[in-house]
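What the coordinates show
As a plain string of letters, each chain reads:
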Amino acid sequence: MSVAEQSQTRPGADLRFAVIGAGMSGMLAAIKLEEAGFPHVEIFEKAGDLGGTWRDNTYPGLSCDVPSHVYRYRFAPNPNWSHRFSSGREIWEYLDGVAREYGIRDRIRFNTGIDRCEYDGAVWHLTTEGGETETFDIVITATGVLRDPVMPDIDGLDDFEGPLFHSSRWDHSHDWRGKRVGLIGTGSTAIQITTAMADEVGKLSLFQRTPQWVVPVENPEIPEQEKQALAKDPARMDSLYDYLADRFQNTFARAVVGDKEELAKVEKACEENLATVRDPELRAKLTPDYQAACKRLIMSDRFYEQVQKPTVELVTDRIERIEVNGVRTADGRLHELDMLVCATGFEAHKFMRPMQVIGRDGHTLDDEWAEANRAYRSIGVPGFPNFFTIVGPNSPIGNFSLIMISEMQFAYIMKLIDQIAEGRAREIEPSREATDRFNADIKDAMTGTVWVSGCSSWYLDKNGNPAMWPWDFERFADEMAEPDLGDFRMAS
Ligand code: N01
């Protein structure tokens, strides 16, 4: 049956959906809603193209440190991944290919940010940046987490006369090869950039505020023969997906939420990797004073080799200010630069804001989340009926393939949508009591995680609480399996 035929027969076919964001999770929502026979779906995207983080980030060395054969939609296997951890460009091309194959690319309303969503007791009114208002029954936000770049608050930042940009806004009009480049930060991004640049840069000054633990992970090419075997046999891709997911879930993901034995293995691997740095002084500078995996663990089997290249200088003196032609450190030295890149991370706790969200009785999301971002199972918030979020607060980001997580969350959201579509409820939202209970459980469970073992990281919100999933994968799968309707307020 075609989607058009199905939509005439399926209950709730007249429901109007807004999907906000056309990154990995917004695309997923659009595809799944269409597949379920809902014809009235508008996809709003603030930027001029799809792909979210894989559109924004184009820096040298960008790849995903989740294996590609599990970092894909379950329904769209790809036999052609070039590496175990494929490049950012390949991931973007994969997403673009899926969007074309499922016919959603042409339906995305690009350059159409949503400024405001307001519920009037029956429907949601969405106002675009251009000031137009449209009405929807159900809103799905898919606005990502690591979206808004943070520039460092350092004196003189605007004085620098050369090219200066954030790592997620790479300016490719300036060639860095053979030049003197400054790189601020030593997170996952900066480590990938350093590794990629070391062989061809004139000189790279890597400004480190805090050393990082780096676990060595190989990134082999996938041989042609293997790609062909995968293409011929989709079941093989499924088994590979399951195998990789299982490895992740039973090793690293357990280590971070309290499995001491697994964490000890991660620590040992990091220490052995660090020991490969030959110069004791450099090794000391690269040695963290907190537990491995407290900050987002860095995966690279090449960083230490590259940071030892004569083209790279690790600068650990505090940055005092930025000047016209370089960075002045606290020891008085001026590091002269042709280009300065800030790999200084993202504002990870805004979620869909600064979009204004006004729920039932004029209650705003800004007020609801003034103290902390509290959702029920990451997907909904009390007082905001028929308003759902993919990769909302406390989603398991960082521990698993985020595409897999989005698929599980959206499958759960679809079951709530069914309640509306099938006429069992006009409004559905998590109850206050269930949301409080869920967040109290999260708070308790956080005490056993590595994220609160004493370091600063973007995982922690302004109160020092990790915005993460503090349990193992089984618990997530269990919670996402079926909505517990007793935890929802349903009005007809
Ligand atoms: O950002 P970060 P990122 N002066 O926030 C430093 C994902 N990701 O873009 O540690 C000097 O981790 C800051 O120092 P400190 C992944 O989830 C995934 O690297 O705060 N330094 C830190 O070193 C990752 O965690 C992949 O002391 C300043 C750095 O900037 C997330 O994105 C690849 C400073 C920021 O590190 C973010 O990573 C890349 C200042 N004023 C990224 N301000 C994959 O492979 C900040 N810093 C999937």
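Okay, so let's go over this structure. (Residues numbered from 1 in each chain as written. Predicted model: local features only at pLDDT ≥ 70, side-chain atom pairs only at ≥ 80, totals over all residues. Heavy atoms only, no water.)

It is worth spelling out the state of the cysteines at this point. Counted by the stated rule, this structure contains one disulfide. Each sulfur of the disulfide joining cysteine 294 and cysteine 455 lies 2.1 Å from the other. On the S-S bond that ties cysteine 294 to cysteine 455, the torsion sits near -95 degrees, and the link is left-handed. Here cysteine 455 lies in the loop between α14 (432-446) and α15 (473-481) and cysteine 294 lies in the loop between α10 (280-285) and β13 (298-299), a separation of 161 residues in the sequence. When its relative accessible area of 0% is taken as the criterion, cysteine 294 is described as buried. According to the relative accessible area criterion, cysteine 455 is buried, its value standing at 16%. Of all cysteine sulfurs in the structure, the one in cysteine 294 sits closest to cysteine 270, which takes part in no disulfide; the separation is 12 Å. (Disulfide = S-S within 2.5 Å. Helix = DSSP H or I, 4+ residues; strand = E, 2+ residues; numbered from the N terminus. Buried < 20%, exposed > 50% of the residue type's maximum accessible area, 1.4 Å probe, protein only.)

All told, the structure shown has 49 salt bridges when counted by the stated rule. Glutamate 35 is paired through a salt bridge with lysine 32; the nearest N and O atoms lie 3.2 Å apart. A residue pair is termed a helical-turn pair when its members lie 3 or 4 positions apart in one helix, as glutamate 35 and lysine 32 do in helix α2 (residues 24-35) at three residues. Judged by relative accessible area, which is 42%, glutamate 35 ranks as partly exposed. For the salt bridge of glutamate 427 with arginine 426, the shortest nitrogen-to-oxygen distance reads 3.9 Å. (Salt bridge = Lys/Arg side-chain N within 4 Å of Asp/Glu carboxyl O.)

All right, on to the sheet that holds strand β18 (residues 339-342) then. As a general point, the strands of a sheet are linked pairwise by backbone hydrogen bonds and lie either parallel or antiparallel. Strands sit in the order β9-β18-β10-β11-β14 across an open sheet of five strands; the sheet is parallel. Across the chains shown, the open sheet's two edge strands, defined by having one partner strand only, are β9 (164-166) and β14 (312-315). Recorded for the sheet is a direction-independent mean angle of 20 degrees between the axes of neighbouring strands. Bridge analysis of strand β11 (residues 203-207) against β14 gives four bridges, and the strand direction is parallel. (Pairing = 2+ DSSP bridges. Axes fitted to C-alpha atoms, helices over the stretch in contact; angles between N-to-C directions.)

Taken together, the neighbourhood of the ligand is formed by 22 residues, with Thr186, Thr189, Thr210, Lys295 and Trp458 sitting nearest. At 2.6 Å, a side-chain N or O of threonine 189 approaches an oxygen atom of the ligand. For the ligand, an oxygen atom lies 2.6 Å from a polar atom in the side chain of lysine 295. In the complex, the protein chains occlude 85% of the 920 Å² of accessible area that the ligand would expose alone. At three residues, the largest contribution of residues to the shell around the ligand is made by helix α5 (residues 188-197). A breakdown of the residues in the shell around the ligand according to their chemical character gives eight nonpolar, ten polar and four charged. Taken together, domain 1 (3-148 + 347-491) and domain 2 (157-213 + 257-342) each give at least three residues to the shell around the ligand, which thus spans both. (Near = heavy atom within 4 Å. Polar contact = N/O pair within 3.5 Å; in protein donor to acceptor, adjacent residues only side chain to side chain. Areas by Shrake-Rupley, 256 points an atom, 1.4 Å probe, with all protein chains shown as cover. Nonpolar A, V, L, I, M, F, W, Y, C, P; charged D, E, K, R; others polar. Domains from an automatic or database assignment.)

Don't take any of this as a statement about function, it's just geometry.
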